[in-house]
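# An overview of the molecular structure
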Amino acid sequence: MSETSIGIIGCGVISGIYLRNIARLPGLALRAVADQRPAAAEAAATEHHVPALSVEALLARDDIDIVVNLTVPAAHSPVGRQVLEAGKHLYLEKPLAATLGEAQELAHLADARGLRIGCAPDTFLGGGHQAARAALDGGRIGRPIGGTATMMVAGHERWHPNPDFYYSAPGGGPLMDMGPYYLTALVHLLGPVREVASLSSRPRTVRRIAAGDRAGETVPVETDTHILGLLAFEGGALVQLAMSFDVQAHWHSPIEIYGTEGSMRVPDPNRFDGEVEFGDGAPLAAADRAHGADNWRGIGLADMAAAIGDDRPHRASGALALHVLETIDALQRAADAKRTITITSDCERPQPMTEELA
Ligand SMILES: NC(=O)C1=CN([C@@H]2O[C@H](COP(=O)(O)OP(=O)(O)OC[C@H]3O[C@@H](n4cnc5c(N)ncnc54)[C@H](OP(=O)(O)O)[C@@H]3O)[C@@H](O)[C@H]2O)C=CC1
Ligand SMILES: O=C1CO[C@H](CO)[C@@H](O)[C@@H]1O
């Protein structure tokens, strides 16, 4: 397999796992890192033996093929534009952009330049969700008719040292932050969403940081933080969704899918491991499949790099992320307008994983 050269912009909390995994995933070679905080870039550069550059200098390098944008959501679009305008393929963390309009502009720019966009989450390529997909496609629960998706926590200010972006608008809130995991997993299993309804609330106006140098500081809440939605999928399944940063504890599963012949519980879509459980019969362990244990964030990047070489579509695609972002945007608009909203973008179910990246 030939090597694809990678540059990273954004050396904060999530960059650690990308930096480690780029070194162990096939076909990827890290060339340079950048951050608007030079100290963050220097720390990553020293640990991984690559240069720390300015964003401009990294984008000017001829030997970088894909730039991974790990900045905060508000910077996904401006930094993403710079990457595409520099003629590089773009892979970025979720959400694709802080607004649907910005995401659509990125997609147009990439198309116009003949460049690819890939976007997290790529957890659906892990062993847990691939086991669920195989069971579903194999007919184990019959035709899907419904399901639930539940992500309810007390708020990321409990542990993140700079949680401002989780509560800022646009780009913040549980729907923007965690919705991509749940909606991407559902689209991977059930196909595209066609219609949504929802209600939302904002129980608190400020949040107090609990960890790091800024512990005790408060952050203003500019987004709704408790959202209950209904999703109608093209294939006919109806799914209820709950996304919240206001729940201290609960007893729901992350994702359940109900079919005409049975039901299944799907692992946490923020993870690569877990078990697929069924209403009857033996569970399927993620660990029995490739990337079913450990944290493999970056597998979507490796798949995109391989896909460019093989001239085939990549799985964690810009089109998938755009469809997910349109659904997120529609859920909030449906809550604001108190009406159902039709989803217009098309998106194929991504191909199941093969063992090629194992
Ligand atoms: N933290 C987590 O567990 C996870 C986060 N993610 C996603 O990863 C992304 C990053 O999150 P996280 O690592 O937590 O965020 P952090 O705030 O820890 O790190 C982001 C870094 O990017 C820098 N940055 C911001 N804007 C720019 C810019 N225009 N140019 C260059 N650098 C910039 C920030 O600098 P500054 O501090 O000055 O703003 C900061 O150093 C988000 O999209 C998030 O949703 C995904 C999975 C897990
Ligand atoms: O994407 C993410 C994955 O999960 C984390 C919490 O567990 C989030 O904070 C983060 O933004």
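In the nomenclature of an unreviewed UniProt entry, the protein chain is known as 1,5-anhydro-D-fructose reductase of Palleronia marisminoris.

## A closer look at the pairing of strand β2 (residues 28–34)
Among the seven residues that make up β2, six are buried, leaving the element largely enclosed by the rest of the structure. Pairing between strand β1 (residues 4–9) and β2: six bridges, direction parallel. Considered in β2, the bridge of serine 5 is made with alanine 29. Here β2 runs beside strand β3 (residues 52–53); their pairing, made up of two bridges, is parallel. When the sheet's bridge partners are listed, alanine 34 is paired in β3 with leucine 53. Chirality of the crossover, the property in question, places the unit of β2, helix α2 (residues 38–48) and β3 among those that are right-handed.

## A few points about the site of ligand 1
Near ligand 1, the surroundings consist of 25 residues, among which Ile14, Asp35, Arg37, Lys94 and His160 are the closest. At 2.7 Å, a side-chain N or O of aspartate 35 approaches an oxygen atom of ligand 1. Between an oxygen atom of ligand 1 and a side-chain N or O atom of arginine 37, the distance comes to 3.0 Å. Its free accessible area being 890 Å², ligand 1 has 85% of it covered by the protein chains. For the shell around ligand 1, the secondary structure elements donating two or more residues are α4 (73–85) and α7 (164–167).

## Things to note about the site of ligand 2
Every residue lining ligand 2 is accounted for by Lys94, His156, Trp159, Tyr166, Asp177, Met178, Tyr181, Asn270 and Arg297. With respect to ligand 2, the side chain of tyrosine 166 contributes an N or O atom lying 2.7 Å from an oxygen atom. Take aspartate 177: an N or O atom from its side chain is 2.6 Å from an oxygen atom of ligand 2. Protein contact buries 75% of the 290 Å² of open area that ligand 2 shows by itself. Within the shell around ligand 2, the residues separate by chemical class into four nonpolar, two polar and three charged.

## Details of the pattern of salt bridges
Tallying each qualifying case throughout the model produces 22 salt bridges. We note a salt bridge from arginine 194 to aspartate 346, for which the minimum N-O separation is 2.6 Å. A residue pair is termed long-range when its members are at least 10 positions apart, and arginine 194 in strand β8 (residues 193–201) and aspartate 346 in the segment after β17 (341–342) qualify at 152 residues. Salt bridges here are not isolated pairs; linked through shared partners, they connect Glu157, Arg204, Arg207 and Asp246.

Parameters and conventions
Residues numbered from 1 in each chain as written. Chains lettered and ligands numbered in written order. Predicted model: local features only at pLDDT ≥ 70, side-chain atom pairs only at ≥ 80, totals over all residues. Heavy atoms only, no water. Buried < 20%, exposed > 50% of the residue type's maximum accessible area, 1.4 Å probe, protein only. Helix = DSSP H or I, 4+ residues; strand = E, 2+ residues; numbered from the N terminus. Pairing = 2+ DSSP bridges. Right-handed = clockwise from strand over helix to strand, strands pointing away. Near = heavy atom within 4 Å. Polar contact = N/O pair within 3.5 Å; in protein donor to acceptor, adjacent residues only side chain to side chain. Areas by Shrake-Rupley, 256 points an atom, 1.4 Å probe, with all protein chains shown as cover. Nonpolar A, V, L, I, M, F, W, Y, C, P; charged D, E, K, R; others polar. Salt bridge = Lys/Arg side-chain N within 4 Å of Asp/Glu carboxyl O.

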